[in-house]
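Structure at a glance
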Amino acid sequence: MTKELHWKSAREIRDAVQSGAVSATQIAQEHLTRIDAVDGRVDAFTQLWRDKALEMAAAVDAKAARGETLGALAGVPVGLKELFCTRHGKTSCASKMLENFESPYDATVVKKLEEADAVFLGKVNMDEFAMGSSTENSAIKTTKNPWNLKCVPGGSSGGSAAAVTAGECALSLGSDTGGSIRQPACLCGCVGIKPTYGRVSRYGLVAFASSLDQVGPLTRTVEDAALTLDVICGKDVMDATSAVLPKTDFMGALTGDISGLRVGLPREYFTDALNPEMREKVECAIDVYRANGAEIVDVSLPCSDYAIAVYYIICTAEASANLARFDGVRYGFRHPDAKTVKDMYALSKSDAFGPEVQRRIMLGTYVLSSGYYDAYYLKAQKVRALIKKDFDAAFEKCDVIASPTSPTASFEFGSKSDNPLEMYLSDIYTISVNLATLPGISVPCGLTDAGLPAGLQLIGRPFEEDTLLRAAHFYEQNRGFDMGRPPVA
Ligand code: GLN
């Protein structure tokens, strides 16, 4: 093996462990050493599960020694976003509110990874309760972009994207409510897929906005995204919104054949709001499809202008309901100075929720309050239906939609954190995909002059992740350059 073990893809690691060329323990040790070497600068990991990782790896090796067949992710080292419930360690959602919370159960996706013989290295950073686009809203620490330590990794799954990109783990699970897998994947230069709403169980994912949240992988290759999605997807009796679907073979969908593929370009996405350098990178990516026989078609998503407003009404409304449970009684921080019940609520919540979370709870409570419900929440639901209709119409003319993932490359710490609106605009190309419950993937498509990654977003029809992954894989294999390794490497 020439490539250092920590740069191997999940599929390469799995193959090597299954064939006995390397042990899961060696893989785990190599990654723990890697984390020791770089995480002091990247700060992706919030909890390092050294003993747990070695214990899980030893269990995989023991299974191999008994001659048992190993799972599809045998020995693959994983970092879990802080909002997946795990019996081991804490599930803090990067919030003071849950800093000591120990979940009594594992999320379904966590269980599925473990059953596939993956190895958990620990948990990784995120924006508090997944609200944000830079991971600056974490109450735990500041995660850096491995391409430039002065820049943000994106968010909310910033720890996931940074850890994967810096070679600290081959795979990380994130969640995406409005772009939180795709946007950090774009800003860090890795692959991130948000599956169709209902594809993956949300059981044990601490809820932000329940009609938008989906779980998905961040990886360094499209193949690893397909491999992981095959493992984590499927109907779950514990999540009524998970869909009953035929057994998937996303790995098998990566045929390298895009003949007949129609790629739609939404004219509303290629405007002045898009940074010229990002535009150029994305247009070069589209040229790869054009040059290889795909049909490029013009499509229109006329309601795009309303997406941010609609998203920030719906997600805050749902968040205000979901976060009501963190009251210091059943869950969460309870302020020691509270003398009355009312005081307990007020002091606990204002002390333990950060400013962005408080802002969203207040906004959400407002749009749901009597008198404003019709004017804001109900209206937003109606426009959400129109946004979905736009996509339905576009998908009559094309099979996938191509766009930038983010309007700009990564930015410096503090440059947007005082201006929530500017931060919200980071999600302009990703949130409609959640509102319309569609699958979307971000694939790296080059580096800017400043050496920061750009990302191509592909959007698919509901439950057509196979087409999406095939198209993304084709581009990755034919883009004609290698993204290289971030300087932190
Ligand atoms: N950045 C968006 C927000 O702040 C999306 C977050 C997410 O997808 N969890 O809400």
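These numbers were taken from a predicted model, which means no experiment stands behind them.

**A word on the packing of aromatic side chains**
- The tally for this structure, following the rule as stated, stands at 15 aromatic pairs.
- With a centroid separation of 6.5 Å and an interplanar angle of 25 degrees, the aromatic rings of Phe391 and Phe395 are classed as stacked. Taken together, the positions of Phe391 and Phe395, both in helix H12 (residues 373-397) and four residues apart, correspond to about one turn of that helix. With respect to class, Phe391 is no different from Phe395; both count as buried.

**Things to note about the site of the ligand**
- Within the structure, the ligand sits among 15 residues, and Thr177, Gly178, Ser180, Tyr311 and Arg360 are positioned closest to it.
- In this structure, Tyr312 approaches the ligand through a side-chain N or O atom, which is 3.4 Å from an oxygen atom.
- Across the complex, the protein chains shield 100% of the 290 Å² of accessible surface that the ligand would expose by itself.
- Among the residues forming the shell around the ligand, the class breakdown is five nonpolar, seven polar and three charged.

**Let's talk about the pairing of strand E2 (residues 77-81)**
- Counted residue by residue, E2 has five buried out of five residues, so it is predominantly covered.
- Taking every second residue as pointing to the same face, both faces of E2 are buried, with Pro77, Gly79 and Lys81 on one and Val78 and Leu80 on the other.
- In this sheet, strand E3 (residues 119-124) lies alongside E2 in parallel orientation, the contact comprising five bridges. Note on E3: the bridge partner recorded for Lys81 is Val124.
- Running through helix H4 (residues 108-115), the crossover from E2 to the neighbouring parallel element E3 is right-handed.
- Note: E2 against strand E4 (residues 171-176), three bridges, orientation parallel. Opposite Val78, over in E4, you have Leu171 as the bridge partner.

**Observations concerning the sheet that holds E2**
- With mixed pairing, the 11 strands of this open sheet are ordered in space as E1-E3-E2-E4-E6-E5-E10-E11-E9-E7-E8. Strand pairing shows two members of the sheet lacking a second neighbour, strand E1 (45-48) and strand E8 (295-299), which therefore form its edges. Strand after strand, the sheet turns through a mean of 30 degrees between neighbouring axes, direction not considered.
- Across two bridges, the pairing between strand E7 (residues 262-266) and strand E9 (residues 400-404) is parallel. Across the sheet, residue Val263 finds its bridge partner in E9, namely Val400.
- Across the sheet, helix H7 (residues 222-232) touches E4, strand E5 (191-194), strand E6 (214-219) and strand E10 (440-447), and the angle it forms with E6 is around 145 degrees.

**Some thoughts on the nonpolar core**
- Leu113, Phe129, Tyr289, Phe391 and Leu469 are the most contacted members of the largest nonpolar core, which has 158 residues in total.
- For this core, the element with the most residues is helix H9 (residues 307-322), which contributes 10 residues.
- Leave out the neighbours within four places in its chain, and Phe129 touches Cys93, Ser95, Met97, Leu98, Val206, Phe208, Leu323, Phe326, Phe353 and Val357.

**A few points about a nonpolar patch on the surface**
- There is a patch of nonpolar side chains on the surface, built from Val329, Val341 and Tyr345 and spanning about 270 Å² of accessible area.
- Within the secondary structure, Tyr345 sits in helix H10 (residues 341-352).
- Given a relative accessible area of 36%, Tyr345 falls into the partly exposed group.

Cut-offs applied
Residues numbered from 1 in each chain as written. Predicted model: local features only at pLDDT ≥ 70, side-chain atom pairs only at ≥ 80, totals over all residues. Heavy atoms only, no water. Phe/Tyr/Trp six-rings, centres within 6.5 Å; stacked < 30°, edge-to-face > 60°. Helix = DSSP H or I, 4+ residues; strand = E, 2+ residues; numbered from the N terminus. Buried < 20%, exposed > 50% of the residue type's maximum accessible area, 1.4 Å probe, protein only. Near = heavy atom within 4 Å. Polar contact = N/O pair within 3.5 Å; in protein donor to acceptor, adjacent residues only side chain to side chain. Areas by Shrake-Rupley, 256 points an atom, 1.4 Å probe, with all protein chains shown as cover. Nonpolar A, V, L, I, M, F, W, Y, C, P; charged D, E, K, R; others polar. Pairing = 2+ DSSP bridges. Right-handed = clockwise from strand over helix to strand, strands pointing away. Axes fitted to C-alpha atoms, helices over the stretch in contact; angles between N-to-C directions. Contact = heavy atoms within 4.5 Å. Core = buried A, V, L, I, M, F, W, Y, C linked by side-chain atoms within 4.5 Å. Patch = residues over 30% accessible without salt bridge, like charges linked within 9 Å, V, L, I, M, F, W, Y side chains within 5 Å. Salt bridge = Lys/Arg side-chain N within 4 Å of Asp/Glu carboxyl O.

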